[in-house]
Each structure stands twice: as C-alpha cells, then as structure tokens.
Amino acid sequence: MTKEAPKFILASSSPRRKEILSKMGVEFEVVAPDFNENTIFERSPEKLVKKLSQEKANCINDEKAVVIAADTVVIMGDKRFSKPLTRERAIEMLKELRGEWHDVYTGVTVNFEGRSESFVEKSRVKIKKLSDEQIIKYVDEKNPLDKAGAYGIQDDQVVDEYKGSYSNIVGLPREKLSQVLEKFGVYYGVH
C-alpha cells in the first residue's frame, strides 16, 4: 500500500521557491500570503526571517495541508539588503556588494496538523568585482527587483564563490526542509 501525500501549500509567489519545491518532487499549490512584511521590525537577521516566515505561514488557514513559507534577506555588516524595488536601487546594491562577502539568511516555517516548526539557514556569498557597466547590464538583462540583494546565484553571472547551502541562497534550503518534513512524517515523493 502506497502512502498518500498530503496537500501542500507554498505560501510564496517566488518562482525560485516554486522550482526548488518542484525539484523535490512535491506537488503543491501556491497561495501568496496577504501580509505586509514592513510590519515586522527585528534587528537580528535570524529573528527577522524566522518571524516573517511564521507570519506568512500563519496567513494560510488549512490544518490539513502542509504549509511552507519562507523569507530571505541579505546582510553585509550591519546593513540589510532586501528586494531593491527600483532599477536604481538594484544598481546601488550591487555596487555596494561587489567584491565583498555577505550573509544570506532564509527563515522557513512548516505548519501541518496543528504543529509548527521554524528554522533559519545561513550561507555566505562573495560577489564578483564587477565594473559599473557589468552591473548595469546585469540589472537591465535580469531585472532582479524581486530578489534580496538584487541578484540571483542561479543566474551564474555575479557570484564569485559561496559557502553553505546553494538552495538557501536561491531562497529555500531544501536539505533542511527535507529533514523537517521527514520529522513530521510527511510523504512527498522524491528525496
């Protein structure tokens, strides 16, 4: 007898998170949470992404579904690099980050049948020493306005090197997420 996989809901409209979850073999529906991220104030990046993922997950009221929510932030020193929102801000961010190491934090919350677990994954990333022209070309070609730090590691154009989970940098740490789903006893397909 085959175990039945529960219904999964991804509380995110991120195409990268959708892709990671699909590659894990999870069949899911997307429900973008109705939540204003600017209402959460935390100095600690770990606490910030954890709280944001919890709030997003808690927006979805379906106890029979496995709800997965995540939030990613880029930190260099004491400065936070969220989604740039404008072309000009994306260019500014990449100019600040170029040639430097920074941290990428992703908070993930999984809610299922009244249980909830949240975790934070941290990776380190170094951006290439890009010229102003290369940065402008990248921003104009890739339009990274929906990405924390104004870049995507998967674009394979701006990242020099990284340490830690690749999928965390993309926006959903699949290794740790798999462990949490297994802990919940959730069957979802390919591991």
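Everything numeric here is computed off the predicted structure, so don't read it as measured data.

Engineer: Whenever I open this one, the pattern of salt bridges confuses me. Can you help?
Structural biologist: Close approach of charged atoms lets side chains of opposite charge pair. This structure, assessed with the given rule, holds 17 salt bridges. Glu37 serves as the salt-bridge partner of Lys56, at 3.1 Å between the closest nitrogen and oxygen. Highlighted residues: Lys56 in helix α2 (residues 45-58) and Glu37 in the loop between β2 (29-30) and α2, separated in sequence by 19 residues. Residue Lys56 is classed as buried on the basis of its relative accessible area of 8%. The class of Glu37 is partly exposed, set by a relative accessible area of 31%. In this structure, the salt-bridge partner of Asp132 is Lys95, at a minimum N-O distance of 3.8 Å. Of this pair, Asp132 sits in helix α4 (residues 132-142) while Lys95 sits in helix α3 (residues 87-97); the two residues are 37 residues apart in sequence, bridging distant segments of the chain. Sharing partners across several salt bridges, the network here consists of Lys79, Arg89, Glu92 and Glu96.

Engineer: Please explain the packing of aromatic side chains as it appears in this structure.
Structural biologist: The way to describe two aromatic rings as a pair is by their centre distance and the angle between their planes. In the structure shown here, the tally under the stated rule is one aromatic pair. Directly above the ring of Trp101 sits Lys163, whose terminal nitrogen or CZ lies 4.8 Å from the centroid. One Lys or Arg, Lys176, reaches over the ring of Phe119 and ends 5.6 Å from the middle of that ring.

Engineer: What's the story with α4 in this structure? I'm lost.
Structural biologist: Owing to its 3.6 residues per turn, the α-helix aligns residues three or four sequence positions apart on the same side. Restricting attention to buried positions, one finds in α4 the residues Ile135, Tyr138 and Val139. When α4 is viewed along its axis, its buried side chains cluster within an angular range of 95 degrees and face the same direction. For α4, the exposed residues set more than 90 degrees away from the buried face come down to Glu133 and Lys137. Where α4 is buried, its residues touch α3. Phi for Asn143, located one or two positions after α4, is positive at around 45 degrees.

Engineer: For this particular structure, what's the right way to read the side chain of Asn111?
Structural biologist: Tracing the backbone shows Asn111 in strand β5 (residues 101-112). On the basis of relative accessibility, which here comes to 13%, the residue Asn111 falls in the buried class. Here Asn58 takes part through its side chain, which lies 3.0 Å from a polar atom of the side chain of Asn111. Apart from residues no more than four positions distant in its own chain, Asn111 is found in contact with Ala57, Asn58, Ala65, Val66, Val67 and Ser116.

Engineer: Sorry if this is basic, but what is going on with the nonpolar core here?
Structural biologist: One broad rule of soluble globular proteins: the nonpolar side chains tend to lie buried together. Core analysis: the biggest nonpolar cluster contains 43 residues, and Ile68, Val110, Tyr151, Leu177 and Leu181 have the highest contact counts within it. The residues touching Ile68, leaving out its near neighbours within four places in the chain, are Phe8, Ile9, Leu10, Ala11, Leu21, Val108, Thr109, Val110, Leu172 and Leu177. Among the nonpolar cores identified, the runner-up in size contains seven residues, and Ala11, Ile60, Ala65 and Val67 belong to it.

Engineer: What's the story with the packing of α3 against α4 in this structure? I'm lost.
Structural biologist: Axes are the key here: two packed helices are described by the angle between their axes and the distance separating the axes. As a packed pair, α3 and α4 sit with axes 10 Å apart at the nearest point and diverge in direction by 135 degrees. Accordingly, the angle class assigned to the pair α3 and α4 is oblique. The interaxial crossing formed by α3 with α4 has right-handed handedness. Along the contact surface, α3 presents Arg87, Ala90, Ile91, Leu94 and Lys95, while α4 presents Asp132, Ile135, Ile136, Tyr138, Val139 and Asp140.

Reading the values: rules and limits
Residues numbered from 1 in each chain as written. Predicted model: local features only at pLDDT ≥ 70, side-chain atom pairs only at ≥ 80, totals over all residues. Heavy atoms only, no water. Salt bridge = Lys/Arg side-chain N within 4 Å of Asp/Glu carboxyl O. Helix = DSSP H or I, 4+ residues; strand = E, 2+ residues; numbered from the N terminus. Buried < 20%, exposed > 50% of the residue type's maximum accessible area, 1.4 Å probe, protein only. Phe/Tyr/Trp six-rings, centres within 6.5 Å; stacked < 30°, edge-to-face > 60°. Lys NZ or Arg CZ within 6 Å of the ring centre and 35° of its normal. Arc of directions from axis to C-beta. Contact = heavy atoms within 4.5 Å. Polar contact = N/O pair within 3.5 Å; in protein donor to acceptor, adjacent residues only side chain to side chain. Core = buried A, V, L, I, M, F, W, Y, C linked by side-chain atoms within 4.5 Å. Axes fitted to C-alpha atoms, helices over the stretch in contact; angles between N-to-C directions. Parallel < 35°, antiparallel > 145°, perpendicular 65-115°, else oblique. Left-handed = near helix turned anticlockwise from the far one by under 90°.

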